[in-house]
Structures are given as C-alpha cells and as structure tokens.
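Chain by chain, the residues run as shown.
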Amino acid sequence: MAGRPLIGVSTYLEAGARWGVWELEAALLPAGYPRLVQRAGGLTAMLPPDAPEHAAATVARLDGLVIAGGPDVDPERYGAERDPRTGPPAPARDTWELALIEAALAARLPLLGICRGMQLLNVALGGTLVQHLDGHAVEVGVFGRHPVKPVPGTRYAEIAPEEASVPTYHHQALDRLGTGLMPSAYAADGTVEAVEVPTADRWVLGVQWHPEMGDDLRVMQALVRAAS
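Residues numbered from 1 in each chain as written. Predicted model: local features only at pLDDT ≥ 70, side-chain atom pairs only at ≥ 80, totals over all residues. Heavy atoms only, no water.

Q: Please give an account of the side chain of Thr-191 that cites residues and values.
A: Of note, Thr-191 is situated in the loop between strand 11 (182-187) and strand 12 (192-196). Residue classification places Thr-191 among the buried residues on the basis of a relative accessible area of 10%. Among the polar contacts listed, one links the side chain of Thr-191 to the side chain of Asp-189, at a separation of 2.8 Å. Excluding residues that lie within four positions of it along the chain, Thr-191 makes contacts with Leu-133, His-136, Ala-173, Ala-185 and Tyr-186. (Helix = DSSP H or I, 4+ residues; strand = E, 2+ residues; numbered from the N terminus. Buried < 20%, exposed > 50% of the residue type's maximum accessible area, 1.4 Å probe, protein only. Polar contact = N/O pair within 3.5 Å; in protein donor to acceptor, adjacent residues only side chain to side chain. Contact = heavy atoms within 4.5 Å.)

Okay, here's the thing in structure tokens:
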C-alpha cells in the first residue's frame, strides 16, 4: 500500500439514508468514485461536509482532491436568481467544497472536479452557470452518453486526444468562465465539457461528465500521477 497517493473525495450528507434496520443521517459517496480512484492507483479518503475553516488543514494531508458530482450549486453563489428548474440548495456542501477548492488552489494540490465539481470550480473562480439545458440527461436517474471533443494543445487533449463517448447526467453547464480557466473539451452542441488551469505549476481539471460511471481510467490516472 505504501506509495499510493491519498485522494480526498467530497461526499453527500443526507438527512435520511437507509441500510439494514437503520435509517440515519449519513455521509454518502457512490461506490464508483472510490473504485475509480483505486483502479487508477490511489487510496480514497471520504470528505463529508465540515466547517470551512478546516479545509486548509484537510488539504494539507492529501495528495490530490476530487470534488464529486451532486446537487445543483446554489445560484446565490454566483449572483443569479433561482430558475424554477434548479434543484434545492445544499448549503453545507457548497460551503465546504468551495473552501476545499480554494485551499487546494492555494496549496497547488492536484484537483479534479466532476460534474457539479467542475461547476463549483468555475463558481469559485468567479464564473457563472447556465441553470438549465436540455439533451444532457436522458431521464431522471439514468445516465446517458454523448461524445466530447478535446481542444488540441490542452492538458485534457494530452490525456484523451480523441473524441470520446462519455457517461453524462446533468442539466446545468458553465456560462461565463471563471478567472484563469480555459475550455479543454466541448460537446457537439457547443457546451463546455472540460476546463483546466493552463499553467505548468498547477494540475487543475474539471470534467462535466461522470468518469466513475464508465471504464475509461485516463482522467483519474492523470490525477493520481500528478498526486504521486
């Protein structure tokens, strides 16, 4: 086990989760996330919502960070009025994950945002979101697929140089890009599907799709290599 980098992954905090005879508040992470980290050569640490003042100390004990998929980001975080199709807020998770992102950026810790995680990265850097778009989720609770095309010369294009079909489930997307971010992949309809910080001294990548729901390990392997 020695030498495998420790990758922190943010989690849900649900008021009522049920298993066996129990129904209790629970910190939850779909099993695809730790399995993906493990298959890519890392160890997983679950990071349930905590007080934001603990984010820097948490990041200091990690080799890499994943901000996982989940609920819609509260539009108040980027100065927008709530669209009726935007989901209910998750204030504790927004606060904690924004603090983790800011701490990781300050520490130059390798950082991967997945779906919500990419959107929150954009918000943390001053960007905004499209609160609803059609065609990127086939039906409630079912992952779909669509192709994404990398932008040549980007870090993501080095990881996956060809157009690829990826697992998707989202109804929001990036609008105005945050400071320092550049697009590194697009969907056929022009939706930004990946972003990155294009500097050699930082490994920061966000993807709009869900690699934990597929068999392509390359994005997570790249994070693990950067964290090693």
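Q: Outline the sheet that holds strand 8 (residues 144-150), listing residues and values.
A: An order of 4-1-5-6-13-12-11-8-9 is seen for the 9 strands of this open sheet, with the pairing classed as mixed. The open sheet terminates on both sides in strands that have one partner only, identified here as strand 4 (43-47) and strand 9 (164-168). Averaged over all pairs of adjacent strands, the angle between their axes in this sheet comes to 25 degrees, without regard to strand direction. Strand direction decides the pairing type here: strand 8 and strand 9, joined by 5 bridges, are antiparallel. By the bridge assignment, His-146 is partnered in strand 9 with Val-166. Contacts from helix 3 (residues 91-107) reach strand 1 (6-10), strand 4, strand 5 (64-67), strand 6 (111-114) and strand 13 (204-207), with the element oriented near 150 degrees to strand 5. (Pairing = 2+ DSSP bridges. Axes fitted to C-alpha atoms, helices over the stretch in contact; angles between N-to-C directions.)

Q: Quick one: what's the story with the pattern of salt bridges, residue by residue and with numbers?
A: Using the criterion set out here, one finds 9 salt bridges in the structure. We note a salt bridge from Asp-94 to Arg-77, for which the minimum N-O separation is 3.9 Å. Of this pair, Asp-94 sits in helix 3 while Arg-77 sits in the loop between strand 5 and helix 3, placing them 17 residues apart in sequence. The shortest N-O distance in the salt bridge between Asp-216 and Arg-218 comes to 2.8 Å. Overall, Asp-216 belongs to the partly exposed group, its relative accessible area being 37%. Shared partners join several salt bridges into a network, and the residues in it are Arg-77, Arg-93, Asp-94, Glu-97 and Arg-116. (Salt bridge = Lys/Arg side-chain N within 4 Å of Asp/Glu carboxyl O.)

Q: Give a description of the environment of Glu-23 that names residues and reports values.
A: Relative to the helices and strands, Glu-23 resides in strand 3 (residues 22-28). The exposed category is assigned to Glu-23, whose relative accessible area is 53%. Each C-alpha atom, one on Glu-23 and one on Tyr-33, is 23 Å from the other, the two residues being 10 residues apart in sequence. In this structure, Glu-23 is in contact with Gly-16, Ala-17 and Arg-18, ignoring residues within four places of it in sequence.

Q: Lay out the side chain of Glu-212 in plain terms, naming residues and giving numbers.
A: By secondary structure assignment, the location of Glu-212 is in the loop between strand 13 and helix 6 (218-227). Nearest to the buried, unbridged Glu-212 among oppositely charged side chains is Arg-93, at 9.5 Å. Separated by 2.7 Å, the side chains of Glu-212 and His-210 make a polar contact. Every residue in contact with Glu-212, bar those within four places of it in the chain, is listed here: Gly-32, Tyr-33, Leu-36 and Ile-114. (Lys, Arg positive; Asp, Glu negative; His and termini not counted.)

Q: Summarise unusual backbone geometry; cite the residues concerned and give the values.
A: Here the phi dihedral of Arg-108 falls at roughly 55 degrees; this positive angle occurs in a residue that is not glycine. Structurally, Arg-108 can be placed in the loop between helix 3 and strand 6. Residue Cys-115 is not a glycine yet carries a positive backbone phi of 55 degrees. Within the secondary structure layout, Cys-115 lies in the loop between strand 6 and helix 4 (116-124). Under the relative-accessibility criterion, Cys-115 is labelled buried at 6%.

Q: An account of the nonpolar core is needed here, citing residue identities and associated values.
A: Core analysis: the largest hydrophobic core is formed by 31 residues, its most contacted members being Leu-65, Leu-100, Ile-101, Leu-111 and Leu-121. Residue assignment for this core shows that the elements contributing at least two residues are strand 4, helix 2 (55-60), strand 5, helix 3, helix 4 and strand 12. Broken down by element, the residue count for this core peaks at 8 residues, all from helix 3. Apart from residues lying up to four places away in sequence, Leu-111 is in contact with Leu-65, Ile-67, Ile-101, Leu-105, Leu-121, Trp-203, Val-204, Leu-205 and Leu-223. Leu-29, Val-37, Leu-205 and Leu-223 belong to the second-largest nonpolar core, a separate cluster that totals 30 residues. (Core = buried A, V, L, I, M, F, W, Y, C linked by side-chain atoms within 4.5 Å.)

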